[in-house]
Amino acid sequence: CEMDINECHSNPCQNDATCLDKIGGFTCLCMPGFKGVHCEEDIDECLSNPCVNNGECLDKVNRFLCVCPPGFSGAVCQIDIDDCSSTPCLNGAKCIDHPNGYECQCATGFTGLLCEENINNCDPDPCHHGECQDGIDSYTCVCSPGYMGAICSEQIDECHSNPCLHQGRCIDLVNGYQCNCLLGTSGVNCENNFDDCASNPCIHGDCIDGINRYNCACKPGFTGPRCNVDIDECTSNPCHNGGTCINEVNSFRCVCPEGWIGDYCSKESNECKSNPCQNGGTCEDLLNGYRCTCRKGFKGERCTVDIDECLSKPCKNHALCHNIQGSYLCECQPGFTGGDCDSNIDDCLSNTNECLSEPCRNGGTCTHYVNSYTCKCQPGFEGTNCENNINECTESSCFNGGTCVDGINSFTCQCPVGFTGPFCLTEINECDSHPCWNKGSCVDSLGTYRCICPLGYTGKNCQVGVTVDQLCQHSGHCLNVGNTHHCQCQVGYTGSYCEVQLDECDSSPCQNGATCRDHLGGYHCLCLPGFAGERCEGDINECLSNPCNPRGSLDCVQLINDYTCV
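Keep in mind it's a predicted model, so treat the numbers as computed, not measured.

So, on to the overall build of the protein chain. Along its length, the protein chain carries 0 helices and 58 strands. Taking 566 residues into account, the globule formula puts the C-alpha radius of gyration at 24 Å, and the protein chain, at 60 Å, lies well above it. Here the C-alpha coordinates of the protein chain stretch approximately 215 × 100 × 35 Å along the principal axes. For the protein chain, buried positions account for 27% of its 566 residues. Of the roughly 35,500 Å² of accessible surface on the protein chain, 51% is carried by carbon and sulfur atoms. The averaged location of the 75 negative side-chain charges in the protein chain is 19 Å from the averaged location of its 27 positive side-chain charges.

Have a look at this one:
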């Protein structure tokens, strides 16, 4: 029994295991992936469920194999395959990855599984009278002649520009118009007008050719259908205060009674304005006359007579009297002095009379003192010898912009247009002269007036007679309004007589720096690059054409008239 039996001799270990003989037994060293006494059991590596995302696990020797479902890959199916990596979506669409698939979110204007189809915005056809051109999420209507608008639904009014002349009636047609001319006119646009003035029917006026008629624009001072009646401007009694009115051509002349002046004898005559009082006399204005208050030494109606003061023998002590203008001068006998030689000279003193040299000017009175004198000045003068004329003008002398002119002890105001009075305080009512003819209503304004003319007359003074159908210009319609009229203007014109063409560009309707071009009854905007719309209010989206690469990128940033790719 000393021999050890080799239990490995029978190859008890399976699956390439190594057998180790022991006394009375053996041990199997198993290969990786097997277990058991005889290494007969294959270890199942799939028991731990290593495959994710529903992958199928296949057990192998000492390993496992994951069979991944569609859309996943990797040793344990852990990688989600990006189906968007090939950029399958077209025309700027957004690709959204899904397990084993993707979804395309199309940009506006496209459809289809891959957004490969441009939606036809022309189906159904939106253009009423024109051809539809499909765009990207838009369409453009190319209108047939005679139509306009976004969908060509508006018929162009060829009569809007008033093509028919001489008040011809315009009938709008499709892509055209027809003029129905008044009597006396002809032509496609009624442009031919018969000259009704050829016979020179207006006697004292200009002939205005009308439609199958004429009108006479009379020269000032005449009226009547043929301007053959001289207007008597004296019928309105324009001369006031007993003035006599003499009618003249287009005017009148007032012969004023004494004491009144002016075109209408409405101003009292200021007889003092001519300075009738002489030798410093003061003038007082009276109605139809004046009164002079003379300075000492003068008399007479106009202070022209020099009073001979020597007649009253004012000189004393046998002095010789000399009459001078406005006064007298005493030539004293030796030993006497004084204005009247009434002072006996104290031969013990030496005192010269400075007044003898007549130092006081402008009528000033000299008073003699010992070795001096003083001057008492006339009103309006000042200074040691009354040599300065006092300026009576101050900032508040004349009102309403009047100019102050200094005089002697007085001032006068030169008033601006529209004011009168000594201090320019009175506003002149220009309507007092009755300037509006033919029963027109006068509205006074500062320095001017405005006439509201009755129906049938026009002009600054309502002096021009016109027919009702020619009062309003540019085919305006005349309406009776009480004792006057009102012009209802055609589109594109304004003013009292529809004489002013409206400029629709004045309101600046064009936006974003566009240039406005005015036309009759409307306007047109010339847009800067990058803008569109009737008023250039729309910013063109340059990204709609998918300019950025790679194709389909959504990273296009719109700018003004440009784009940038980020």
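The full count for this structure, using the stated rule, is 2 aromatic pairs. Ring geometry for Phe252 and Tyr264: centres 5.7 Å apart, planes at 45°, overall tilted. Here Phe252, found in strand β26 (residues 251–255), pairs with Tyr264, found in the loop between β27 (260–261) and β28 (267–268); they are 12 residues apart in sequence, far enough to count as distant. Residue Phe252 is classed as partly exposed on the basis of its relative accessible area of 23%. Accessibility expressed as a relative area gives 22% for Tyr264, which makes it partly exposed.

Before going further, it helps to spend a moment on a nonpolar patch on the surface. Taken together, Leu58, Leu65 and Val67 make up a surface patch of nonpolar side chains, about 200 Å² in accessible area. Considering the arrangement of structural elements, one finds Val67 in strand β6 (residues 63–67).

Rules and cut-offs
Residues numbered from 1 in each chain as written. Predicted model: local features only at pLDDT ≥ 70, side-chain atom pairs only at ≥ 80, totals over all residues. Heavy atoms only, no water. Helix = DSSP H or I, 4+ residues; strand = E, 2+ residues; numbered from the N terminus. Rg over C-alpha atoms; globule rule 2.2 N^0.38 Å. Buried < 20%, exposed > 50% of the residue type's maximum accessible area, 1.4 Å probe, protein only. Areas by Shrake-Rupley, 256 points an atom, 1.4 Å probe, with all protein chains shown as cover. Lys, Arg positive; Asp, Glu negative; His and termini not counted. Charge placed at Lys NZ, Arg CZ, Asp CG, Glu CD. Phe/Tyr/Trp six-rings, centres within 6.5 Å; stacked < 30°, edge-to-face > 60°. Patch = residues over 30% accessible without salt bridge, like charges linked within 9 Å, V, L, I, M, F, W, Y side chains within 5 Å. Salt bridge = Lys/Arg side-chain N within 4 Å of Asp/Glu carboxyl O.

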